[in-house]
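An overview of the molecular structure
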Amino acid sequence: MDRVQQWWQQMNGSQDWVIQVFVVVFLTLLANYIARKFYDRLEIQFAKTQNLWDDAFLWAVRKPSRAFMLVVGTRIVAEIMEPLMEESFAALIRPVFVVLVISVVLWFLIRMISKAEELLKTPGYTQEPLDETTVTAMAKLLRLSVLITGGLVIAQSMGISISGVLAFGGIGGIAVGFAAKDLLANFFGGLMVYLDRPFSVGDWVRSPDRSIEGTVEHIGWRLTIIRTFDKRPLYVPNSTFTSIALENPSRMTHRRIYETMGVRYDDVNRLPAIVAAVKAMLAEHPEIDHNQTMIVNFNQYGASSLDFFVYCMTITTNWVKYHEVKQDVLFKISEIVQQHGAEFAFPTRTLHVINDAAQNSDSRIEDPA
């Protein structure tokens, strides 16, 4: 009760602080309102052009800058009212203000990184499309670096020795490393995926060593999500990719047509013309890459056919389009075989029966009487 009376007497003794606080609060809110209107107009101007860093900076600075104005206004109000506060409470003002300022700066940096990451993935903001996996990895590393640095600065501002924290972290890191070696293996496996980029989000991957095949949906720090072709999610720990061979068919430059066909032995005289016609057809086909290896040759004498093979590369790598091109090539080969009066062979067996030229004569054996 005595403290309340003492505070009331101090307040009656000096009424200037009320006016000062009112002015500071009014100016803070006014500056906040003006800043909001200024950012709205600036956004209209920036919308006329697609500039990555302007848009990212405007989006990142909008809320943190207004929050910073409120923090500064609160700090000024606290200084005005500091004589009316207890010493223990007044001593907390400066550390709390420093923590709030650092938090606002961290908020701005994280928003800046996140918006830049989003815009880098958006078509039209970069002249050349950037790899989504690389952008995501760099954004994660930058955000992690900002948070760690901000945490150390806040700890230093609160009087905590950073050297002690780092020393404790070094000793604790050894214990954590032994206790969570699998987690760390997955973390570094994910880091190697981000650095080496054997695959990206959206790629079709498969492994001849493991039963892994599907489309990459997400690459995390601990595991990668792959959607199999029967639409089931497959969760693969990142450490797996450091010990297996992985194939990325999405990065193939061509698709191969490699087929063997056989005609009858009766059509051996027609086979050279068939091979030449098929080769000419492939040389004129618009979907076959003529700069790649292209072979059409008689290959072997089969059990029931004279076999020739076709080897060429399609321009397209699309799975559906490739099969359409392959179907067209096979149909044209069938037409060429028919045009030359030949037929495709199928398994047959010819039996040669050899008859004796001389037949055994009948002999009668008479029973002597």
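Remember, predicted model here, so these are calculated numbers, not experimental data.

Rules and cut-offs
Residues numbered from 1 in each chain as written. Predicted model: local features only at pLDDT ≥ 70, side-chain atom pairs only at ≥ 80, totals over all residues. Heavy atoms only, no water. Helix = DSSP H or I, 4+ residues; strand = E, 2+ residues; numbered from the N terminus. Buried < 20%, exposed > 50% of the residue type's maximum accessible area, 1.4 Å probe, protein only. Contact = heavy atoms within 4.5 Å. Areas by Shrake-Rupley, 256 points an atom, 1.4 Å probe, with all protein chains shown as cover. Polar contact = N/O pair within 3.5 Å; in protein donor to acceptor, adjacent residues only side chain to side chain. Pairing = 2+ DSSP bridges. Axes fitted to C-alpha atoms, helices over the stretch in contact; angles between N-to-C directions. Left-handed = near helix turned anticlockwise from the far one by under 90°. Core = buried A, V, L, I, M, F, W, Y, C linked by side-chain atoms within 4.5 Å.

Right, let's talk about the overall build of the protein for a bit. A tally of helices and strands in the protein yields ten helices and seven strands. With 369 residues in all, the protein has 31% of them scored as buried. By sequence separation, contacts in the protein at least 24 residues apart represent 66% of the contacts at least 6 residues apart. When the accessible surface of the protein is split by element, carbon and sulfur atoms take 59% of a total near 24,800 Å².

With respect to the secondary-structure elements, Arg 143 resides in helix H6 (residues 132–157). Of the polar contacts made by the side chain of Arg 143, one reaches the side chain of Ser 114; its length is 3.2 Å. With residues up to four places along the chain from it excluded, the contact list for Arg 143 reads Ile 110, Ile 113, Ser 114 and Glu 117.

A separate point is the pairing of strand S4 (residues 233–237). Strand direction decides the pairing type here: strand S3 (residues 223–227) and S4, joined by five bridges, are antiparallel. Bridge pairing in S4 links Ile 225 to Tyr 235. Counting the residues in the hairpin turn of S3 and S4 gives five residues, including Lys 231, whose phi is positive at 70 degrees.

Bringing the environment of Ile 102 into the picture now. Along the chain, Ile 102 turns up in helix H5 (residues 93–120). Look at Ile 102 and you get buried, because its relative accessible area is 14%. Placed 34 residues apart in sequence, Ile 102 and Phe 68 show a C-alpha to C-alpha distance of 9.9 Å. Dropping the residues within four chain positions of it, Ile 102 is found in contact with Gly 150, Val 153, Ile 154 and Ser 157.

Phi angles above zero are rare outside glycine, and Lys 231 is one such case at about 70 degrees. Locating Lys 231 in the fold gives a position in the loop between S3 and S4. Classification of Lys 231 as exposed rests on a relative accessible area of 63%.

What follows is about the packing of helix H9 (residues 271–284) against helix H10 (residues 319–339). Describing two packed helices takes the angle between their axes plus the distance from one axis to the other. Orientation of H9 relative to H10, taken along the N-to-C sense of each, is 145 degrees, at an axis distance of 10 Å. In this structure, H9 meets H10 at a crossing whose hand is right-handed. On H10, the residues that touch Ile 274, Ala 277, Val 278, Met 281 and Leu 282 of H9 are Val 329, Lys 332, Ile 333, Ile 336 and Val 337.

Nonpolar side chains in soluble globular proteins generally cluster together in the buried interior. Val 278, Leu 282, Phe 308, Val 310 and Ile 333 are the most contacted members of the largest nonpolar core, which totals 22 residues. Elements supplying a minimum of two residues to this core: strand S5 (255–263), H9, strand S7 (306–314) and H10. Not counting the four nearest positions on each side in its chain, Val 278 is found in contact with Val 296, Phe 308, Val 310, Ile 333 and Ile 336. Counting residues in each nonpolar core, the second largest holds twelve residues, with Val 193, Tyr 194, Val 216 and Ile 244 among its members.

In spatial order, the strands read S1-S2-S3-S4; together these four strands make up an open sheet with antiparallel pairing. Since the sheet does not close on itself, it has two edges, and those belong to strand S1 (204–207) and S4, each with one partner. Each strand axis lies, on average, 45 degrees off the axis of its neighbour in the sheet, ignoring direction. Direction of pairing for strand S2 (residues 212–219) relative to S3: antiparallel, over a ladder of four bridges. By the bridge assignment, Val 216 is partnered in S3 with Ile 226.

Attention shifts here to the side chain of Thr 314. When you line up the elements, Thr 314 lands in strand S7. Reaching out from Thr 314, the side chain makes a polar contact with the backbone oxygen of Thr 316 at a distance of 3.0 Å. In this structure Thr 314 touches His 254, Arg 255, Ile 257, Glu 287, Ile 288, Tyr 322 and Val 325, once residues within four positions along its chain are discounted.

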